[in-house]
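The chain contents come next:
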Amino acid sequence: MNVTLQSAKMIGAGLATIGLTGVGAGVGIVFGSLVIGFSRNPSLKQQLFGYTILGFALTEAIALFALMMAFFYFINFRFYIHIMWKSKNRNVFDRCL
């Protein structure tokens, strides 16, 4: 595979994982808000914990989506390039595997 195309694939997969930094901050905010809410009103412990688990699940769903897109770029970009090059040069498909 061409070095430029291979590096573009790696850069695209790396950029797709930028969303994981926001997820780390989001999880910290969710659990930090639980601590603040529990310290203000300890009688709402069960309700606050339920909301926290919901917020954690939604935040982690964003992380899974970002990882899915990174793997999509990392894996499928290679096959897309093979299809493009196969029509121009028959031997490219065999060399890239």
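The shown structure was predicted, so the numbers you read here are calculated from the model rather than taken from an experiment.

1. Some thoughts on a nonpolar patch on the surface
On the surface, Met10, Leu64, Leu67, Phe71, Phe74 and Ile75 cluster together into a nonpolar patch covering about 570 Å² of accessible area. When residues in the nonpolar patch are grouped by element, the largest group, 5 residues, is from helix H3 (residues 45-88). By relative accessible area, phenylalanine 74 is classed as partly exposed at 34%.

2. Things to note about the confidence of the model for the protein chain
Averaged over the protein chain, the pLDDT score is 79; the fraction of residues at 70 or greater is 77%. Per-element averaging of pLDDT across the protein chain places helix H4 (residues 92-96) at the bottom with 52 and helix H2 (residues 19-40) at the top with 90.

3. Side note on the environment of glycine 12
Note that glycine 12 resides in helix H1 (residues 3-16). Looking at glycine 12, the relative accessible area reads 22%, which means it is partly exposed. In this structure, the C-alpha to C-alpha distance between glycine 12 and tyrosine 73, residues 61 residues apart in sequence, is 6.5 Å.

4. Looking at the packing of aromatic side chains
Taken as a whole and judged by the stated rule, the model has 1 aromatic pair. Arranged with centres 5.7 Å apart and planes meeting at 55°, the rings of phenylalanine 31 and phenylalanine 56 form a pair that is tilted. Here the residue phenylalanine 31 occupies a position in helix H2, and phenylalanine 56 occupies one in helix H3, the gap between them amounting to 25 residues. The exposure class of phenylalanine 56 is partly exposed, given its relative accessible area of 31%.

5. Here we look at H1
Over its 14 residues, H1 runs 20 Å from end to end, which matches the ideal 20 Å to within 8%, given 1.5 Å per residue. Considered for burial, the residues of H1 that qualify are Lys9, Ala13 and Ala16. Viewed end-on, H1 has its buried residues packed into an arc of 65°, placing them on one side of the element. Facing away from the buried side of H1 by over 90 degrees, the exposed positions are Val3, Thr4, Ile11 and Leu15.

About the criteria used
- Residues numbered from 1 in each chain as written.
- Predicted model: local features only at pLDDT ≥ 70, side-chain atom pairs only at ≥ 80, totals over all residues.
- Heavy atoms only, no water.
- Patch = residues over 30% accessible without salt bridge, like charges linked within 9 Å, V, L, I, M, F, W, Y side chains within 5 Å.
- Areas by Shrake-Rupley, 256 points an atom, 1.4 Å probe, with all protein chains shown as cover.
- Salt bridge = Lys/Arg side-chain N within 4 Å of Asp/Glu carboxyl O.
- Helix = DSSP H or I, 4+ residues; strand = E, 2+ residues; numbered from the N terminus.
- Buried < 20%, exposed > 50% of the residue type's maximum accessible area, 1.4 Å probe, protein only.
- pLDDT = per-residue confidence, 0-100.
- Phe/Tyr/Trp six-rings, centres within 6.5 Å; stacked < 30°, edge-to-face > 60°.
- Expected span 1.5 Å × (residues − 1).
- Arc of directions from axis to C-beta.

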